[in-house]
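# Architecture and fold: a report
Read off the chains here:
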Amino acid sequence: MKNFYETIITVYAGNGGNGNCSFSKSSKKLFSGKPDGGNGGNGGNIFIFSNKSINNLLKINNKKIFKAENGRNGLNNKCNGRNGKNLIINVPINTKIYNLDTSELIDNLDIDNKIILVAKGGNKGLGNFIFKSSINRSPKNFTNGKKGEIRKLKLIFNLRPNVCILGMVNSGKSSLINLISNSNSKIDNYPFTTKYPILGTLFSENYKKISILDTPAIFNNIYKNKYLNLNIFKYFEKCNLILYIIDSSIINQKFIYDNINIINYIINDKLICKNIWIVFNKLDLVNNIFNFNKIIKFNFNNKYKYYIISCLNKFNINNLLLDINNFIDKNMYLNIHKYENKDLNINWN
Ligand SMILES: Nc1nc2c(ncn2[C@@H]2O[C@H](COP(=O)(O)OP(=O)(O)OP(=O)(O)O)[C@@H](O)[C@H]2O)c(=O)[nH]1
Ligand SMILES: [Mg+2]
């Protein structure tokens, strides 16, 4: 499966063109005419540009290698070589750019029309005409163009979903998003079926577009190597509402303890959003409903808003969908992008 939100690319800025060493043909003797070797052209730069009409990194992920044009070599007759063309890579707003070698954040393209230089083209070489002086009227020296910068970059498109679905492996996150949005997440009975976040649009009665994100599992409770999957948090920093899905068929004290720890971690440490609803899925697999209700009430009542659903027989799904729509309607302000109409300010040197 392709990753729409993260990619590693290599950018090659263009090399500078070499300076030329030549003499005008007015005299037949070699090196006896006037020096007229032109300069090379500068190598093309590589820029990254945030563009609101782009909404994922898939195209860039497919290409991976980006090369700007080399500067042309200088010619005789004092003709300078042409500068290499710059290359501009378009990315969605909210793309973070890291230098892969140093892991340093180069920039966060968090507004529309922001442009940054990521690889500078090599400087041009000088032709022998430039070296002509009163003490050296026939210079034979010239310089070669410099190499363009090469950089390995990691791009991460930071999503701003309205709703984010989190939970342990196999809890039914993808099953739920497929029922309440236009998303088509893969569903299967093995852990980590979902490898990358998947964005969908919530079914809604009104015109508003509410985005909802399916995520890879935050915790593996099936195999022995249990760990918190903090990787998922690099894809989004904020949302209006988290739906935290719990598999009702495994409710026991240890399982509840693990889930509450994760929920507290999300709210207190990650600070993604303070609104979290707990969704108990797979009600159809609960044998003792009375006991189940008792445990849930004891551990969650008055602490979190919660829903009990079954994706299998669609129990309580419409009710949940309606409540999400109403909630986001009132809380959407958080997610509005700040588009600023800044003039392009490009330093081409
Ligand atoms: N019985 C029952 N099975 C369900 C229900 N919801 C989901 N499942 C099943 O649970 C399994 C896991 O479902 P997924 O939707 O892939 O779960 P997930 O949380 O997205 O899993 P990962 O992406 O691996 O973390 C699948 O076999 C689903 O068919 C439900 O309400 N009842
Ligand atoms: Mg999934």
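Look up a bit, the structure's there.
Everything numeric in this text was worked out from a predicted model, so none of it was measured.

So, about the environment of isoleucine 317. Within the secondary structure, isoleucine 317 sits in helix 5 (residues 317-331). Given a relative accessible area of 5%, isoleucine 317 falls into the buried group. The spacing of isoleucine 317 and asparagine 144 is 173 residues in sequence and 69 Å in space, taken between C-alpha atoms. Aside from chain neighbours lying at most four places away, what touches isoleucine 317 is Leu176, Leu179, Ile180, Ile309, Ser310 and Cys311.

What the second largest pocket holds in volume is close to 380 Å³. Split into classes, the residues belonging to the lining of the second largest pocket amount to eight nonpolar, 11 polar and five charged.

It is worth spelling out the coordination of the magnesium ion (ligand 2) at this point. Reference values for angles at a metal are 109.5 degrees in the four-donor tetrahedral case and 90 or 180 degrees in the six-donor octahedral case. Donor atoms from the polypeptide that coordinate the magnesium ion (ligand 2) comprise Ser174 (OG) and Thr194 (OG1), at 2.0 to 2.1 Å from the metal. Of this pair, serine 174 sits in helix 2 (residues 173-180) while threonine 194 sits in the loop between helix 2 and strand 10 (198-201), placing them 20 residues apart in sequence. We classify serine 174 as buried; its relative accessible area is 8%.

With that settled, the discussion passes to the nonpolar core. Counting 56 residues, the largest nonpolar core has Ile48, Tyr244 and Phe300 as its most contacted members. At seven residues, the largest contribution of residues to this core is made by helix 3 (residues 253-270). Aside from chain neighbours lying at most four places away, what touches isoleucine 48 is Ile89, Val91, Ile97, Leu109, Lys114, Ile115, Ile116, Val118, Leu153 and Leu155. By size, the runner-up hydrophobic cluster in this structure holds 23 residues, among which are Ile212, Ile245, Ile309 and Leu321.

This next bit is on the sheet that holds strand 4 (residues 87-91). Sheet strands line up and pair through hydrogen bonds in the backbone, either parallel or antiparallel. The mixed open sheet is built from three strands, whose spatial order is 4-2-7. Every interior strand has two partners, whereas the edge strands, strand 4 and strand 7 (115-119), have only one. Within the sheet, the average angular offset between the axes of one strand and its neighbour, ignoring direction, is 30 degrees.

Before going further, it helps to spend a moment on the sheet that holds strand 11 (residues 211-214). The mixed open sheet is built from six strands, whose spatial order is 10-11-9-12-13-14. The sheet is open, and its two edges are formed by strand 10 and strand 14 (305-308), each paired on a single side. Between one strand and the next, the sheet's axes are offset by a mean angle of 25 degrees, whatever the strand orientation. The sheet contact formed by strand 10 and strand 11 spans four bridges and is antiparallel. The partner of glycine 200 across the bridge, within strand 11, is isoleucine 212. Strands strand 12 (241-247), strand 13 (276-281) and strand 14 of the sheet are contacted by helix 4 (residues 289-300), whose axis makes an angle of about 165 degrees with strand 14.

Parameters at a glance
- Each chain has its residues counted from 1, following the order in which its sequence is written.
- For this description, chains carry letters from A and ligands carry numbers from 1, given in the order in which they are written.
- Only residues with pLDDT of at least 70 are given local features in this predicted model, and only at 80 or more are side-chain atom pairs given and counted; all residues enter the totals for whole chains, interfaces and linings.
- Hydrogens and waters are ignored; side-chain quantities use all the structure's heavy atoms.
- In DSSP terms, a helix is any run of H or I states spanning at least four residues, a strand is any run of E spanning at least two, and both are numbered starting from the N terminus.
- Each residue gets one of three labels from its accessible area relative to the maximum for its type: buried under 20%, exposed over 50%, partly exposed in between, using a 1.4 Å probe on protein chains only.
- Whether two residues are in contact is decided by their heavy atoms: any pair within 4.5 Å suffices.
- Of the grid points, spaced at 1 Å and generated over the protein atoms alone, those admitting a 1.4 Å probe that cannot get out make up cavities, while open sets with protein on both sides within 12 Å along at least five of seven lines make up pockets; any residue with an atom within 4 Å of a point is treated as lining.
- Grid points are joined across faces, edges and corners, and a volume is the space filled by probe spheres set on the points.
- Amino acids are sorted into nonpolar (Ala, Val, Leu, Ile, Met, Phe, Trp, Tyr, Cys and Pro), charged (Asp, Glu, Lys and Arg) and polar (every other residue, Gly among them).
- With water omitted from the atoms examined, metal sites may look incomplete; donors here are N, O and S atoms no farther than 2.8 Å from the metal, or 3.2 Å in the case of Na, K and Ca.
- For our purposes a nonpolar core is just a set of buried Ala, Val, Leu, Ile, Met, Phe, Trp, Tyr and Cys residues, chained together by side-chain atoms within 4.5 Å.
- For two strands to be treated as a pair, DSSP must find at least two bridges joining them.
- Between the N-to-C directions of two axes lies an angle of 0 to 180 degrees, each axis being a line fitted to C-alpha atoms and, for a helix, fitted only over the stretch in contact.

Honestly, it's all geometry; don't read function into it.
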